Amino acid sequence: MKETYGVVLPNMGLHDLVGKLIVIEGTDGVGRSTQMRMLKEWLEQEGHAVLDTGLTRSGLVGKSIKRAKEGHTLGRITLSLFYATDFADRLENEIVPALRAGFVVLTDRYTYSLIARAMVRGLDPAWIRNIHRFALKPDAVFYLRIGVDDLIPRAVFTRGFDYWESGIDLYSTEDMYESFRRYQTALIEQFDKLAEEFQFEVIDARAEPHAIFQRLRTAIEQLLVSPGPVQAAAPPAEVAAAAGLSVVPSPISIGERAERIAERHEKA
Amino acid sequence: MKRYGEHRIPGRLFVVEGIDGSGKSTQLTLLHQWLKAEGFGVVFSEWNSSPLVKDTTKRGKKKQLLTPATFSLIHATDFADRTERNIIPLLKAGAVVLCDRYIYTAFARDVARGMDPEWTRELYGFAVKPTIAFYYRVPLEVAMKRISDARAGFKFYEAGMDLGLSNDPDESFRLFQGRILEQYEKMIPEFGLTVIDATLPIESQQQQMRQLVLSKLTQARQLRVAP
């Protein structure tokens, strides 16, 4: 049975959440989205229905957050609460219905990223943790970890320094390199603490995407065969439909297929 | 981040609380007029008015997208924006700030919707503690009568229709406001709310209010606007 971190939201009902909740965490630019894509494809080919989701995508506030950030006008408490609202919306309207319908829910970041950002911005650690106590405890959290020295070349040679990834609201310096470095260092420090506190599985993100994928795959395979396999809960079609989800059936054997997916993604 | 009760700022913060139809907004408007006439630098801040957050709240309400949790969180976001950009800077500058509804409204509504009471209090842990929080206490029937005289029909969330208490908006409103009254009663000792009997004549309520406010302003000459 699923649990939360201490606060259960009204009407949530934890007893029938039979799916698996898998979280990929990590700072910016560690390759989370590549892994998300590969994992989704592999899991679907294995016959698992997958919901992939991430931060600030909720129907309620996702757009508003983007718009407000463009103006750079949100205070730090306000921004944290805006994120928490978005998170609650996704939890209630996407994640929980999908888990109830027996889906594997893959989420690109989770409540921990929001806690880490708030802490870097100097908010009370107890306060931000308490607010996020309504979050469901995931079945697994994989933390793709990278040091700041390895992260910088990736940022430089891919998309450059993003304002928000450089903590533009925090540092008055005009030097993007300097603020990116400071901000990411502070974030990694917080993530390392959270990794211990919440027992993340730490994965060295300097490795090749293919190797990281193999590690994730092995761990997730174990999770899915352990008590209460996901398929056991034949998802009532109407539950899935109500949540706006589609089921992809056809279970196929594990193994080479995963390799092929990894290779294809690496080429792309 | 300073928590409730930890802010040491020169301004004064007065807030009014009570169910719809308690007459609290009328009382606050009268106080506002008087303070202005007395030469105080006074600013009015309304519940649910942050320009950044308001549209989201409005859309959520209109399309009935809000659950008890997101209803609670979006209002806290709005309040945080007003606190960070408005209330705290004004109080630092020495203003008298008046709020029509404050965190106690959120506590009453959120808990009436089934949210965890401790969690909602923590959610607003960043709020400035008011100099005085007035609670306009009124029996439900009196409030209902005043409202039905003044306007037609209740809004969906206002009547707590999201809780499915009753399909009849009037009945749902009554049940929901009854729950809210219960919460207010609990908060009187918890937060030291100043109770005003809202069935008294408007003038005598206002007189009480002005006396209490004045007692908190006498040592605060800097709050006056230069002539």
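What you see is a predicted model, and the numbers here were worked out from it, not measured in a lab.

What follows covers the overall build of chain A. Within chain A one finds ten helices and five strands. Buried residues in chain A amount to 55% of all 268 residues. Sequence separation of 24 or more characterises 80% of the internal contacts of chain A that already satisfy a separation of 6 or more. Carbon and sulfur atoms form 51% of the exposed surface of chain A, whose accessible area is close to 11,500 Å².

To continue, consider the interface of chain A and chain B. Listed as interface residues are 29 residues of chain A and, on the opposing side, 30 residues of chain B. Roughly 2,500 Å² is buried in total at the junction of chain A and chain B, and carbon and sulfur atoms are behind 65% of that figure. For the interface between chain A and chain B, the tally reads one salt bridge. Residue Arg3 of chain B pairs with Asp124 of chain A through a salt bridge whose shortest N-O separation is 2.6 Å. Our count for the contact surface shared by chain A and chain B stands at 15 residue pairs in polar contact (both at pLDDT 80 or more). The set of elements that each furnish at least two residues to the side of chain A that touches chain B consists of α2 (62–70), α3 (76–100) and α5 (125–131) of chain A.

Further remarks concern unusual backbone geometry. Residues and elements named next belong to chain A. Here the phi dihedral of Arg109 falls at roughly 75°; this positive angle occurs in a residue that is not glycine. Residue Arg109 is classed as buried on the basis of its relative accessible area, which comes to 12%. Although it is not a glycine, Gln199 adopts a positive phi angle of roughly 50°. Counting through the fold element by element, Gln199 comes out in the loop between α7 (176–197) and β5 (201–204). Gln199 gets classed as exposed once you look at its relative accessible area, which sits at 68%.

Residues and elements named next belong to chain B. Of all ten residues in helix α4 (residues 103–112), ten are buried; the element is thus mostly enclosed. Every buried residue belonging to α4 is among Ile103, Tyr104, Thr105, Ala106, Phe107, Ala108, Arg109, Asp110, Val111 and Ala112, and all of these are buried. The elements touched by buried residues of α4 are β1 (12–17), α3 (68–92), α5 (117–123), β4 (132–137) and α7 (169–191). One or two steps after α4, the chain reaches Gly114, where phi turns positive at roughly 95°.

A residue-level look at chain B finds 95% of positions with pLDDT of 70 or above and a mean pLDDT of 90. The ipTM for the predicted assembly is 0.85, set against a pTM of 0.83.

Here is the key point about a regular strand: its side chains alternate between the two faces of the sheet. Residues and elements named next belong to chain A. The element strand β4 (residues 140–145) is extensively covered by neighbouring structure, given that five of its six residues are classed as buried. For strand β1 (residues 20–25) and β4, the ladder comprises four bridges, and the chain directions are parallel. The residue bridging Ile24 from the neighbouring strand is Phe142, located in β4.

Let's shift gears to the confidence of the model for chain A. All names here are of chain A. Averaged over all residues, the pLDDT of chain A equals 84, while 76% of them reach at least 70. Of the regions scoring below 50 in pLDDT, residues 228–236 engages in 14 contacts with residues more than four places distant in sequence or in other chains. Every residue in residues 247–253 is under pLDDT 50, and counting partners more than four places away or in other chains gives 20 contacts.

Attention now moves to the packing of aromatic side chains. Per the stated rule, a full pass over the model turns up 25 aromatic pairs over all chains. Between Trp127 of chain A and Phe126 of chain B, the ring centres sit 5.9 Å apart and the planes meet at 85°, which makes this aromatic pair edge-to-face. One end of the pair, Trp127 of chain A, is in helix α5; the other, Phe126 of chain B, is in the loop between α5 and β4, on a second chain. This pair shows no difference in class: Trp127 of chain A is buried, exactly as Phe126 of chain B is. With a centroid separation of 5.9 Å and 85° between ring planes, the pair formed by Phe134 of chain A and Trp119 of chain B is classed as edge-to-face. Of this pair, Phe134 of chain A sits in the loop between α5 and β4 while Trp119 of chain B sits in helix α5, placing the two residues on different chains. Take Phe134 of chain A and Trp119 of chain B: they sit in the same class, and that class is buried. Cluster of aromatic residues (ring-pair linked, three or more members): Tyr5, Phe87, Tyr110, Tyr112, Phe134, Tyr143, Phe191, Phe198 and Phe200 of chain A together with Trp119 of chain B. The lysine or arginine in question, Arg117 of chain A, covers the ring of Tyr83 of chain A, its NZ or CZ lying 4.9 Å from the ring centre. Across from the ring centre of Phe107 of chain B, 4.9 Å away, lies the NZ or CZ of Arg121 of chain B, which sits over that ring.

Residues and elements named next belong to chain A. The element strand β2 (residues 50–54) is largely enclosed, with a buried count of four among its five residues. Inspection of the sheet shows β2 paired to strand β3 (residues 104–108) by five bridges, in the parallel sense. Bridge pairing in β3 links Thr53 to Thr107.

Turning our eyes to something else, we now look at the sheet that holds β1 of chain B. Residue and element names in this part refer to chain B. Spatially, β2-β3-β1-β4-β5 is the arrangement adopted by the five strands of the open sheet, whose pairing is parallel. For this open sheet the edge positions go to β2 (42–46) and β5 (194–197), each flanked by a neighbour on one side alone. On average, each strand axis in the sheet is tilted by 20° relative to the strand beside it, whichever way the strands run. Bridging between β4 and β5 involves four bridges; their strand directions are parallel.

The rules we used
- Within each chain, residue numbers correspond to sequence positions counted from 1 in written order.
- Each chain takes a letter, starting from A, and each ligand takes a number, starting from 1, following the order in which they are written.
- Under the rules for a predicted model, residues below a pLDDT of 70 receive no local features and side-chain atom pairs below 80 are neither given nor counted, while totals for whole chains, interfaces and linings still include all residues.
- The side-chain numbers reported here are obtained from all heavy atoms of the structure, hydrogens and water having been left aside.
- Counting from the N terminus, the helices are DSSP H or I runs at least four residues long and the strands are E runs at least two residues long.
- Throughout, exposure labels follow a simple rule: accessible area from a 1.4 Å probe, protein chains only, divided by the maximum for the residue type, with under 20% read as buried, over 50% as exposed, and the rest as partly exposed.
- Here a residue-residue contact requires only that any non-hydrogen atoms of the pair lie within 4.5 Å.
- Surface accessibility follows the Shrake-Rupley procedure with a 1.4 Å probe radius. Residue values consider only the protein chains on display as shielding.
- Buried area is understood as the total, over both parts, of accessible area removed when two parts are fitted together, assessed with a 1.4 Å probe.
- By salt bridge we mean one thing: a side-chain nitrogen of Lys or Arg within 4 Å of a carboxyl oxygen of Asp or Glu.
- Definition of a polar contact: a pair of N or O atoms within 3.5 Å, with one able to donate and the other able to accept a hydrogen when the atoms are protein atoms, and with sequence-neighbouring residues admitted only if both atoms are side-chain atoms.
- Values of pLDDT, the confidence the predictor places in each residue, fall between 0 and 100.
- DSSP-based pairing: two strands are paired if at least 2 bridges between them are found.
- By convention, a stacked pair of Phe, Tyr or Trp rings (six-membered ring in the case of Trp) has centres within 6.5 Å and planes under 30 degrees apart, an edge-to-face pair has planes over 60 apart, and any other such pair is tilted.
- Whether a charge lies above a ring is judged from NZ of Lys or CZ of Arg, which has to be within 6 Å of the ring centre and within 35 degrees of the ring normal.
- For helices, the fitted axis covers only the stretch in contact; all axes are lines through C-alpha atoms, and the angles between them, taken along N-to-C directions, range from 0 to 180 degrees.

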